[in-house]
Amino acid sequence: MNTLQEFTLTRPDDFHLHLRDDAQMQAVLPFSARQFARAIIMPNLKPPVVTTALAAAYRDRILSALPDELKNRFEPLMTLYLTDETAPPEILRAKNSGIVRGVKLYPAGATTNSAAGVTDITRCYAALEAMEKNDMPLLVHGEVTDPSIDIFDREKIFIDTVLTPVIRGFPSLRVAFEHITTQEAVDFVTAAPDTLAATITAHHLRYNRNAIFQGGIRPHYYCLPVLKREHHRQALIRAATGGSKKFFLGTDSAPHSRALKENDCGCAGIFTAHAAIELYAEAFEQAGALDRLEAFASFNGADFYRLPRNSTQITLRKAPWQIPERIHFAGDVLIPLAAGEIVGWKML
Ligand code: NCD
Ligand code: ZN
């Protein structure tokens, strides 16, 4: 049988992306805009994007940072950052704006720039009710923050203590369980009603937690939720390639300067936007499921967010290329995932 050398798919969307701001955004935005038609933009700026007005201003900054050749080709889908104080009228404003597509729950202290996040989900029940009523999806960083809970168990415990009550209490609320990392999350999403879906990153499909400790400590493989055991990675592969509409692409590409990663308290976040669709293609190919990539990358997320599927296409060619060792990052340096390594697919 001939191995596939080139294939075309509907242009994908990235349903979980950190673009940062200002000069840093200028540095990373073209990587995403070149590949993806749309992206759900995370609101964890400093200060966070807590109002529709802030989201509209951030959106304008993104659009004006697009290079000329990518203008009108990339649509940022904005999100609000949920806090204990988010009030129902803000949800209504977000809905009516037409530019805000979701509200993001960061448990306070769970990850990068989450200090202003939610301290207790029950404080947000009025906001969740307004979201349910107005069909505004909830996006969740699904980890508990209790320091006494083992870091590898935080997603599993979040499912029982936060996600389950939210889904029961707000049965019509659409929920995107972001960057899932465990077998438990896969099983939970699979068994849940269709209001619950999940994004999966390329790095969680490619690596297990050994990558963080391969011959020494490797900060560029550190993200949250942290990489898990191999059997969890295999569950994610089965979920992404299994044909279920509930799983879709969200890179969680999260740039931090090299100095902030290679640090005695290094930041969580892995940058993958430089080769996102190619890294996913390689993972799908290794699973013998390249034919499932288009649904995962280009259909399922759009359908969940009730957006039209994209009408343009991209082509991937089997043309191995070397990922750069470093990328310019606003006067700093960014180390991309798989720096210096060869990736087998290239987007033309
Ligand atoms: C993200 C970031 O750097 O903003 N980091 C990460 O490890 N994924 C935040 C997040 O999505 O958790
Ligand atoms: Zn993220």
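For the structure, see preceding data.
Throughout this document, residue positions are counted from 1 along each chain, in the order its sequence is written. Following the order in which they are written, the chains are lettered starting with A and the ligands numbered starting with 1. Local features in this predicted model are restricted to residues of pLDDT 70 or higher, and side-chain atom pairs are both shown and tallied only at a pLDDT of 80 or more, whereas totals for entire chains, interfaces and linings draw on every residue. Processing note: side-chain calculations cover all non-hydrogen atoms of the structure and skip hydrogens and water entirely.

**Q** Pulling in residues and values, what's your account of the site of ligand 1?
**A** A molecule or strand has a residue near it when one of that residue's heavy atoms lies within 4 Å. In the region of ligand 1, 15 residues are neighbours, and Arg20, Asn44, Thr111, Asp252 and His256 sit closest. The term polar contact refers here to a pair of N or O atoms within 3.5 Å; inside protein, the definition further demands a hydrogen-donor-capable atom paired with an acceptor-capable atom, and it admits residues adjacent in sequence only when both atoms are side-chain atoms. Leu224 is positioned with one of its backbone polar atoms (N or O) 2.8 Å from an oxygen atom of ligand 1. Relative to its free-state accessible area of 310 Å², ligand 1 is covered by the protein chains to the extent of 100%. Its atoms largely coinciding with the cavity grid, ligand 1 occupies the largest cavity. Residues were grouped as follows: Ala, Val, Leu, Ile, Met, Phe, Trp, Tyr, Cys and Pro as nonpolar; Asp, Glu, Lys and Arg as charged; and all remaining residues, including Gly, as polar. When the residues that make up the shell around ligand 1 are grouped by side-chain class, the tally is 4 nonpolar, 9 polar and 2 charged. Each accessible area is a Shrake-Rupley result for a 1.4 Å probe, and residues are judged covered by the shown protein chains and nothing else. Only protein atoms enter the 1 Å grid used here, on which a cavity is any set of points holding a 1.4 Å probe that cannot leave and a pocket is any open set flanked by protein within 12 Å on both sides along at least five of seven lines; residues with an atom within 4 Å of a point are listed as lining. Molecule-in-pocket calls rest on the fraction of atoms, with more than half required to lie within 2 Å of the cavity or pocket grid points.

**Q** So what's going on with the coordination of the zinc ion (ligand 2)? Residues and values would help.
**A** In an ideal octahedron of six donors the angles at the metal are 90 or 180 degrees, and in an ideal tetrahedron of four donors they are 109.5 degrees. Around the zinc ion (ligand 2), the protein supplies His16 (NE2), His18 (NE2) and Asp252 (OD) as donor atoms, at distances of 2.0 to 2.1 Å. Considering all 4 donor atoms around the zinc ion (ligand 2), the spread of angles at the metal, 91 to 140°, places the coordination shape in the irregular class. All donors of the zinc ion (ligand 2) come from a single chain, and their spacing in sequence reads H-x1-H-x233-D. Here the residue His16 occupies a position in strand β2 (residues 14-17), and Asp252 occupies one in the loop between β9 (247-249) and α9 (258-261), the gap between them amounting to 236 residues. Comparing His16 with Asp252, the two get one shared label, buried. Keep in mind that water is not among the atoms, so a site may look incomplete; donors are the N, O and S atoms within 2.8 Å of the metal, or 3.2 Å for Na, K and Ca. Sites are called tetrahedral only when four donors show all angles between 85 and 135 degrees, square planar or octahedral only when four or six donors show opposite pairs over 155 degrees and all other angles between 65 and 115, and irregular in any remaining case. Numbering goes from the N terminus for both helices and strands, where a helix is a DSSP run of H or I of at least four residues and a strand is a run of E of at least two. Under the scheme applied here, a residue whose accessible area is under 20% of the maximum for its type counts as buried, over 50% as exposed, and between as partly exposed, the area being computed with a 1.4 Å probe on protein chains only.

**Q** Now, about the sheet that holds strand β1 (residues 6-10): what can you tell me, with residues and values included?
**A** By definition, two strands form a pair when at least two bridges between them are found by DSSP. Read across the sheet, 3 strands follow the order β1-β10-β13 without closing on themselves; strand pairing throughout is antiparallel. The open sheet terminates on both sides in strands that have one partner only, identified here as β1 and β13 (342-347). Strand-to-strand twist of the sheet, defined as the mean angle between neighbouring strand axes without regard to direction, takes the value 35°. Sheet topology note: the β1/strand β10 (residues 313-322) ladder contains 5 bridges and is antiparallel. When the bridges of β10 are listed, Thr10 appears paired with Gln313. Against the sheet, helix α11 (residues 293-304) touches β1 and β10, its axis set at about 25° to β1. Here an angle of 0 to 180 degrees is reported between the N-to-C directions of two axes, which are lines fitted to C-alpha atoms, with helices fitted over the stretch in contact. Working rule for contacts: check all heavy atoms of both residues, and any pair within 4.5 Å makes them a contact.

**Q** Break down helix α6 (residues 183-191) for me, with residues and values.
**A** Inspection of α6 places Ala185, Val186 and Val189 among the buried residues, and these make up the whole buried set. The arc enclosing the buried residues of α6, seen along the axis, measures out at 100°, which places them on a common side. The arc refers to the directions leading from the helix axis to the C-beta atoms.

**Q** Give a detailed account of empty space enclosed by the protein, specifying residues and quantitative values.
**A** Grid points are joined across faces, edges and corners, and a volume is the space filled by probe spheres set on the points. In this structure the tally under the stated criterion is 3 cavities of 30 Å³ or more. By volume, the largest cavity amounts to about 110 Å³. Taken together, 17 residues line the largest cavity, and the ones lying closest to its centre are His18, Thr111, Leu224, Asp252 and Ala254. A breakdown of the residues in the lining of the largest cavity according to their chemical character gives 6 nonpolar, 8 polar and 3 charged. Along its surface, the second largest cavity is lined by His220, Ala254, His256, Lys261, Gly269, Ile270, Phe271, Leu334 and Ile335. Partitioned by chemical class, the residues of the lining of the second largest cavity number 5 nonpolar, 3 polar and 1 charged.

**Q** Got a sec to walk through the nonpolar core? Specific residues and values, please.
**A** By size, the foremost hydrophobic cluster in this structure holds 104 residues, and its most contacted members are Leu128, Leu138, Phe177, Leu293 and Leu316. When near neighbours in sequence (up to four residues on either side) are disregarded, Leu316 contacts Gln5, Glu6, Phe7, Leu9, Ile277, Ala281, Leu293, Trp345, Lys346 and Met347. Ranked by size, the runner-up nonpolar core spans 14 residues in total, among them Leu77, Leu139, Ala197 and Leu307. Among the buried residues, those of types Ala, Val, Leu, Ile, Met, Phe, Trp, Tyr and Cys that are joined through side-chain atoms within 4.5 Å form a nonpolar core.

**Q** Go over helix α5 (residues 154-169) with me, naming the residues and quoting the values.
**A** Side chains three or four residues apart in an α-helix point the same way, a direct result of the helix having 3.6 residues per turn. In this model, α5 (16 residues) spans 22 Å end to end at C-alpha, consistent with the 22 Å of a helix rising 1.5 Å per residue. Values of bend correspond, residue by residue, to the angle between axes fitted over the seven residues ending at that residue and the seven starting there. For α5, the principal kink sits at Leu163 and spans about 40°; a proline, Pro165, occurs within the next four residues. Where α5 is concerned, the buried positions are Arg154, Glu155, Phe158, Ile159, Val162, Leu163, Thr164, Val166 and Ile167. If you follow the buried residues of α5, they end up packed against β5 (100-105), α4 (125-133), β6 (138-140), β7 (175-177), α6 and β8 (196-200). Here the expected span of a helix is defined as 1.5 Å times the quantity of residues minus one.

**Q** For the pattern of salt bridges, give the residues involved together with the corresponding values.
**A** When a carboxyl oxygen of Asp or Glu lies within 4 Å of a side-chain nitrogen of Lys or Arg, that pair is called a salt bridge. This structure, assessed with the given rule, holds 16 salt bridges. The salt bridge involving Arg258 is made with Glu262; its shortest N-O contact spans 3.0 Å. Put simply, Asp135, Arg174 and Arg306 are held in one network by salt bridges that share partners.

**Q** Give a description of the side chain of Lys104 that names residues and reports values.
**A** If you trace the backbone, Lys104 turns up in strand β5. One polar contact links Lys104 to Tyr106, side chain to side chain, over a distance of 3.4 Å. In this structure Lys104 touches His16, Met42, Pro43, Leu80, Tyr81, Leu82, Leu139, Val140, His141 and Glu178, once residues within four positions along its chain are discounted.

**Q** Residue-level account of the sheet that holds strand β3 (residues 38-41), with values.
**A** Pairing in this open sheet of 8 strands is parallel, and the strands run β2-β3-β4-β5-β6-β7-β8-β9 from one edge to the other. Looking at the sheet topology across the chains shown, the edges are occupied by β2 and β9. Neighbouring strand axes in the sheet, compared pairwise and without regard to direction, differ in orientation by 30° on average. Direction of pairing for β6 relative to β7: parallel, over a ladder of 3 bridges. Bridge pairing in β7 links Leu139 to Ala176.

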